[in-house]
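Okay, here's what each chain looks like letter by letter:
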Amino acid sequence: MPQEVRGVIAPGRDEPVRVETIVIPDPGPGEAVVKIQACGVCHTDLHYKQGGINDEFPFLLGHEAAGVVESVGEGVADVAPGDFVILNWRAVCGRCRACLRGRPWYCFDTHNAEQRMTLTDGTELSPALGIGAFAEKTLVAAGQCTKVDASVSPAVAGLLGCGVMAGIGAAINTGAVGRGDSVAVIGCGGVGDAAIAGSRLAGAAKIIAVDVDDRKLDTARGMGATHTVNSRTTDAVEAIRELTGGFGADVVIEAVGRPETYRQAFYARDLAGTVVLVGVPTPEMKLELPLLDVFGRGGALKSSWYGDCLPSRDFPMLIDLHLQGRLDLGAFVTETIRLDEVEKAFERMHHGDVLRSVVVL
Ligand SMILES: NC(=O)c1ccc[n+]([C@@H]2O[C@H](COP(=O)([O-])OP(=O)(O)OC[C@H]3O[C@@H](n4cnc5c(N)ncnc54)[C@H](O)[C@@H]3O)[C@@H](O)[C@H]2O)c1
Ligand SMILES: [Zn+2]
Ligand SMILES: [Zn+2]
């Protein structure tokens, strides 16, 4: 029997989000219904609400979630009812050209549920990143459920489902930060701070945090930044070069998603260094760089989708490191809120008041 639960939808471009009754079908073949326990508010949810991702309104928002599998459809063998899982937006297919070459973290054909969740009048919902977890329950492809140690708090675990994994992975997977490296991170929200925490975990010797907000720089220090730069008052490129013997950082991670901060990242890295773009730009943004500089400075310009993570490999490992006290995921949770407080959480995110607001159900 389809179930009716409460969920947060974005009805149209720039309209306030609201709690509505949504209809969850029974899981079909390869699908699972998950009872959501916690879901973080990510900047990408705000991008959806603003129409910055696509126009497929109404969206069922929320995608950084953890919960318990309630039921599974035919043919599901990897998870079972009662399993504690983190939801992911990279359920790898195993058959695309990336998967077949042994690089499933680039999978080009990731799975989502085939059936659609709807409003009570039958209007189909577009779940954010194929998840839609600002809801009491959601329907996903079973491969979107990654089982982890159930002793972790759901509010903490859910964060690995998007922003925190994206940031940690931007450092350890995409940027391949290693012991002794110098790293600069531009933009210290949840994603940037996770890149800082990931760089610390990987053994970076110098970690320079750049933001326009001093409060964010304070938090970044707690996450592992060894130096901070307020780029509203100081030239970020010059400051990073000065802090790295005049050369620039080995790896610079852009976690804002704007051309001007990308340009800073490009010029703040050492020759042959790596730039990682993890911030998500909007469709109208353009980047102009002298081609001779792109060539002459060498190195690698990479973008990082979801931190090039492989959920089955990375989620359980990072939860274990957290439980051992080696990665403080709890530090990312600024506040826990109710389902009907997501709009307010967007406001606070916009004003830079929070790292992560987490809806707890
Ligand atoms: N690539 C991925 O897979 C992935 C996953 C999740 C989120 N994201 C993206 O990462 C970005 C950051 O997400 P978040 O949740 O941390 O957002 P956030 O709003 O919490 O953080 C953004 C930070 O950037 C700072 N900032 C803004 N303008 C700046 C500037 N000009 N220079 C320096 N700092 C500046 C803000 O003060 C804030 O601290 C967003 O674009 C989001 O969509 C990407
Ligand atoms: Zn694939
Ligand atoms: Zn996200």
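Residues numbered from 1 in each chain as written. Chains lettered and ligands numbered in written order. Predicted model: local features only at pLDDT ≥ 70, side-chain atom pairs only at ≥ 80, totals over all residues.

The name that an unreviewed UniProt entry assigns to the chain is Oxidoreductase, with the source organism given as Streptomyces humidus. Quoted verbatim from the Cofactor (unreviewed entry) heading of the UniProt record, the comment on the chain is "Zn(2+)". (UniProt positions renumbered as here; feature names shortened; annotations may be inferred.)

(A) Summary view of the overall build of the chain. Regarding its fold elements, the chain presents 11 helices and 18 strands. Here the C-alpha radius of gyration of the chain, 20 Å, is about what a compact globule of 361 residues would show, namely 21 Å. In terms of overall dimensions, the chain has C-alpha extents of about 65 × 40 × 40 Å along its principal axes. When the 361 residues of the chain are sorted by exposure, 52% land in the buried category. Pairs at least 24 apart in sequence give 71% of the contacts found in the chain among residues at least 6 apart. (Helix = DSSP H or I, 4+ residues; strand = E, 2+ residues; numbered from the N terminus. Rg over C-alpha atoms; globule rule 2.2 N^0.38 Å. Buried ≥ 20, exposed ≤ 12 C-beta atoms within 10 Å, placed from the backbone. Contact = placed C-beta atoms within 7 Å.)

(B) Geometry of the UniProt feature "domain: Enoyl reductase (ER)" (unreviewed entry) in the chain. Those residues carrying the UniProt feature "domain: Enoyl reductase (ER)" (unreviewed entry) are residues 12-361 in this numbering. Structurally, residues 12-361 is divided into 27% helix and 25% strand, and its ends, taken at the C-alpha atoms, are 25 Å apart.

(C) Structural view of the site of ligand 1. Around ligand 1, the surrounding shell holds 32 residues, and the nearest of these are Ala-166, Gly-187, Gly-189, Val-191 and Gly-257. Class assignment for the residues of the shell around ligand 1 results in 15 nonpolar, 14 polar and three charged. In this structure, the shell around ligand 1 is formed jointly by two domains, domain 1 (3-161 + 328-360) and domain 2 (167-305), each of which donates at least three residues. (Near = placed C-beta within 6 Å. Nonpolar A, V, L, I, M, F, W, Y, C, P; charged D, E, K, R; others polar. Domains from an automatic or database assignment.)

(D) The nonpolar core, seen in detail. Leu-61, Val-183, Ala-184, Val-185, Ile-186, Ala-195 and Ile-253 are the most contacted members of the largest nonpolar core, which totals 118 residues. A per-element tally of this core places helix α4 (residues 163-174) first, with seven residues. The residues that make up this core include at least three from each of domain 1 (3-161 + 328-360) and domain 2 (167-305). In this view, Ala-184 contacts Ile-208, Val-210, Ile-240, Ala-249, Val-252 and Ala-268; residues no more than four positions away in its chain are not counted. (Core = buried A, V, L, I, M, F, W, Y, C linked by C-beta atoms within 7 Å.)

(E) Quick peek at the domain arrangement of the chain. Per the domain assignment, the segments making up the chain are domain 1 (3-161 + 328-360) and domain 2 (167-305). Its C-alpha centre places domain 1 at a distance of 28 Å from the equivalent point of domain 2. Contact with domain 1, which involves 10 residues of that partner, is made by 12 residues of domain 2. Tallying contributions element by element places helix α1 (residues 43-49) first for the side of domain 1 that touches domain 2, with three residues. Considering only residue class, the side of domain 1 that touches domain 2 consists of four nonpolar, five polar and one charged.

(F) Fine view of the pairing of strand β2 (residues 18-24). Pairing geometry for strand β1 (residues 3-10) and β2, over seven bridges, is antiparallel. Its bridge partner lying in β2, Glu-4 is registered against Val-23. In the sheet, β2 pairs with strand β7 (residues 118-119) via two bridges, with the strands oriented antiparallel. Paired with Val-23 across the two strands is Thr-118, which belongs to β7. (Pairing = 2+ DSSP bridges.)

(G) A look at the environment of Glu-335. Structurally, Glu-335 can be placed in strand β17 (residues 333-337). Remark: the alpha-carbon pair of Glu-335 and Ala-150, spanning 185 residues in sequence, is separated by 21 Å. Once you skip the residues sitting within four places of it in the chain, Glu-335 turns out to touch Val-354 and Ser-357.

(H) Quick look at helix α6 (residues 214-223). For α6, the complete set of buried residues consists of Lys-216, Thr-219, Ala-220 and Met-223. Buried residues in α6, looked at end-on, bunch into an arc of 105°, giving them a common side. In α6, those exposed residues whose orientation departs by more than 90 degrees from the buried face are Asp-214 and Gly-222. Packing partners of the buried residues in α6 comprise α5 (190-202), β12 (206-211) and β13 (227-230). (Arc of directions from axis to C-beta.)

(I) Fine view of the sheet that holds β13. Pairing within the open sheet is parallel, and its six strands lie in the order β13-β12-β11-β14-β15-β16. The open sheet terminates on both sides in strands that have one partner only, identified here as β13 and β16 (300-303). Sheet twist, expressed as the average angle between the axes of neighbouring strands with direction ignored, equals 15°. (Axes fitted to C-alpha atoms, helices over the stretch in contact; angles between N-to-C directions.)

(J) The packing of α5 against α6, seen in detail. Orientation of α5 relative to α6, taken along the N-to-C sense of each, is 25°, at an axis distance of 9 Å. Judged on the interaxial angle alone, α6 and α5 are roughly parallel. Of the two elements, α5 crosses α6, and the hand of that crossing is right-handed. Across from Asp-193, Ile-196 and Ala-197 in α5, the residues of α6 making contact are Thr-219, Ala-220 and Met-223. Looking at the contact of α5 with α6 residue by residue, the class counts come to four nonpolar, one polar and one charged. (Parallel < 35°, antiparallel > 145°, perpendicular 65-115°, else oblique. Left-handed = near helix turned anticlockwise from the far one by under 90°.)

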